[in-house]
Amino acid sequence: MSKISENIYQKLTNDDEARACRAIDDKACREVPGNYVLILLSQLFSKLGDALLNPKITLPWLMQSLGAPAYLISALVPIRESGSLIPQLFIGQWVRKHAKRKLLWSLGALIQATCVLLMALLAWNQTENQFYAWLVLGLLAIFSIARSLSSVSSKDVIGKTIPKQKRGQLSGQAASVSGLITVTFGVGLFIAATQVNNINFVVTLILAAIFWLIGALTFSKIKEYEGATEGGENGLEKVKQDFALLKTDPILKKFILARGLLLSSALIPPYFTVIAQQNIGNGAWVLAVLLAVSGLASLVSGAFWGRLADQSSKHVMMYGATITVAITAVLLTTSLFYSSLLEKMWFIPLCYFVIAIAHQGVRVGRKTYVVDMAEGNKRTSYVTLSNTIIGIVLLLTSALGVVASVFSINVLLTLYIMITILGIVLTSRLPNVTER
């Protein structure tokens, strides 16, 4: 164990030498400080890669530069998000065959880096070609599947190497540090907002690929011991068994339903962006500011949510969702009765900052909750089943956009508020798995 890693771990977690390792074995306990630092670094680099491959800035620009029609651009977010969630139930079967799974995370990161480098090559070409736009979507689909592989394997590795009541801190600290760098990127984009050119985004894509490559190398250095491998042979049969968990495990069923209802914390912010563009104008400036604000929210709240999640991850989900309801109600009320306030340059970015903090809480809370729910391959089943179902739900919720088209964004935001309140009520009925 590196003395440097030990010192960093103690400073990050306020842990002492006589630490207790809940839910992991003694061998893994001895490696916790080094593994904690390595996982933190790898998560940081992957989050930075995600931030630079932003589906609201980088990818839409790339598609527009290739002459992509609107329907292809609108497919970016569903492919990126659902494409990384839906395959997890099937990828999980392959993951279960491996007693050690850290290299599977690294493999996923390498594939993501390769896809992004190929996107950079298409961006460098500077040719309006719809065939190239379809290639970007194809690369994004492969990227999402690789992201799915990393997601499944990472939660299992964290469950085997990091004790309970430290996992939330790990996720929160990675979010905070990546938030700091995202702020810097947003400020840089703001400065270049009036002179964006092709090379800026090519460099952005190459940097994102480099971050994933560094993350892959870092994660491969984790000291992981062998775990359970049963359930990895009969893929279709195991899928049926996993879906059967919805009947036999009421906690899992409630968690998935609650998580689905709390998706609003991720689905509402894009409409904040639309309202900002409609009322403030200068789309490039707006996107740059909102990106910086989003990074700042991660910076100031990630570590806080992480520590709180280690005490009660379900309460973190509830707090984040409650803030989502409150700030959405504020924006909705302002839109209906004080619309002139929407034109102020500070108001909507401030609202976005608050809802970004709220989403960070919901995200850290649910990730910590699902890792703490079970052990071994059962954890893998929980993660893959819940993510697959949520991926399908995400695709279905895209249809809610029709509400904004037929009625208005205000009506849609009202609907999201009601859905979120229902999610808060259901989350409150979940057990506190951190204490189990």
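Residues numbered from 1 in each chain as written. Predicted model: local features only at pLDDT ≥ 70, side-chain atom pairs only at ≥ 80, totals over all residues. Heavy atoms only, no water.

**Student:** Kindly report on the nonpolar core, identifying the contributing residues and their values.
**Tutor:** Core analysis: the biggest nonpolar cluster contains 61 residues, and F255 and L331 have the highest contact counts within it. Looking at this core, the elements with two or more residues in it are helix 13 (250-261), helix 15 (269-279), helix 16 (283-309), helix 17 (313-337), helix 18 (347-373), helix 19 (376-397) and helix 21 (409-428). The dominant element in this core, judged by the number of residues it contributes, is helix 18, at 14 residues. Membership of the second largest hydrophobic core comes to 44 residues, among which are L48, M63, L137 and I222. (Core = buried A, V, L, I, M, F, W, Y, C linked by side-chain atoms within 4.5 Å. Buried < 20%, exposed > 50% of the residue type's maximum accessible area, 1.4 Å probe, protein only. Helix = DSSP H or I, 4+ residues; strand = E, 2+ residues; numbered from the N terminus.)

**Student:** Summarise helix 18; cite the residues concerned and give the values.
**Tutor:** One turn of an α-helix holds 3.6 residues; hence residues three or four places apart share an orientation. Compared with the 39 Å implied by 1.5 Å per residue over 27 residues, the 39 Å span of helix 18 between its first and last C-alpha is a close match. Across the 27 residues of helix 18, 23 count as buried, placing the element largely inside the fold. (Expected span 1.5 Å × (residues − 1).)

**Student:** How would you sum up helix 21? Please name residues and give values.
**Tutor:** The end-to-end C-alpha distance of helix 21 is 29 Å, a good match for the 28 Å that 20 residues give at a rise of 1.5 Å each. Within helix 21, the full set of buried residues consists of I409, N410, L412, L413, Y416, I417, T420, G423, I424, L426 and T427.

**Student:** Outline the packing of aromatic side chains, listing residues and values.
**Tutor:** Using the criterion set out here, one finds seven aromatic pairs in the structure. A centroid spacing of 4.5 Å and a plane angle of 20° characterise the contact between W105 and F219, whose relative ring orientation is stacked. Separated by 114 residues along the polypeptide, W105 in helix 8 (residues 102-125) and F219 in helix 11 (residues 198-219) bring together distant segments of the chain. In this structure, W105 and F219 share a single accessibility class: buried. The interplanar angle of 10° and the centroid separation of 5.3 Å between the aromatic rings of F255 and Y369 together place this pair among those described as stacked. Taken together, the residues F255 in helix 13 and Y369 in helix 18 connect sequence positions 114 residues apart. (Phe/Tyr/Trp six-rings, centres within 6.5 Å; stacked < 30°, edge-to-face > 60°.)

**Student:** Tell me what's going on with the pattern of salt bridges, and back it up with residues and numbers.
**Tutor:** Tallying each qualifying case throughout the model produces two salt bridges. With a closest N to O distance of 3.2 Å, D50 and R80 form a salt bridge. With D50 in helix 3 (residues 32-52) and R80 in helix 6 (residues 76-85), this residue pair connects regions lying 30 residues apart in the sequence. For R80, a relative accessible area of 4% corresponds to the buried category. The shortest N-O distance in the salt bridge between R147 and D50 comes to 3.6 Å. With a gap of 97 residues between them, R147 in helix 9 (residues 130-161) and D50 in helix 3 connect regions that are remote in the sequence. What makes R147 buried here is its relative accessible area of 18%. (Salt bridge = Lys/Arg side-chain N within 4 Å of Asp/Glu carboxyl O.)

**Student:** Describe the side chain of T324, with residues and values.
**Tutor:** By the secondary structure assignment, T324 is in helix 17. A polar contact is formed between the side chain of T324 and the backbone oxygen of G320, at a distance of 2.9 Å. The contacts of T324, once residues within four sequence positions are left out, are S265, I268, I355 and A358. (Polar contact = N/O pair within 3.5 Å; in protein donor to acceptor, adjacent residues only side chain to side chain. Contact = heavy atoms within 4.5 Å.)

**Student:** For the environment of I424, give the residues involved together with the corresponding values.
**Tutor:** With respect to the secondary-structure elements, I424 resides in helix 21. Assessed through its relative accessible area of 16%, I424 is described here as buried. For the pair I424 and T322, spaced 102 residues apart in the sequence, the C-alpha separation amounts to 7.2 Å. Other than its neighbours up to four places away in sequence, I424 contacts L262, M318, A321, T322 and V325.

**Student:** So what's going on with the packing of helix 6 against helix 9? Residues and values would help.
**Tutor:** At their nearest, the axes of helix 6 and helix 9 sit 7 Å apart, and the two run at 30° to each other. Regarding the angle of helix 6 to helix 9, the classification is roughly parallel. Handedness of the crossing formed by helix 6 with helix 9: right-handed. Along the contact surface, helix 6 presents L76, I79, R80, E81, G83 and S84, while helix 9 presents L137, L140, A141, F143, S144, I145, R147 and S148. Across the contact of helix 6 with helix 9, the residue classes tally to seven nonpolar, four polar and three charged. (Axes fitted to C-alpha atoms, helices over the stretch in contact; angles between N-to-C directions. Parallel < 35°, antiparallel > 145°, perpendicular 65-115°, else oblique. Left-handed = near helix turned anticlockwise from the far one by under 90°. Nonpolar A, V, L, I, M, F, W, Y, C, P; charged D, E, K, R; others polar.)

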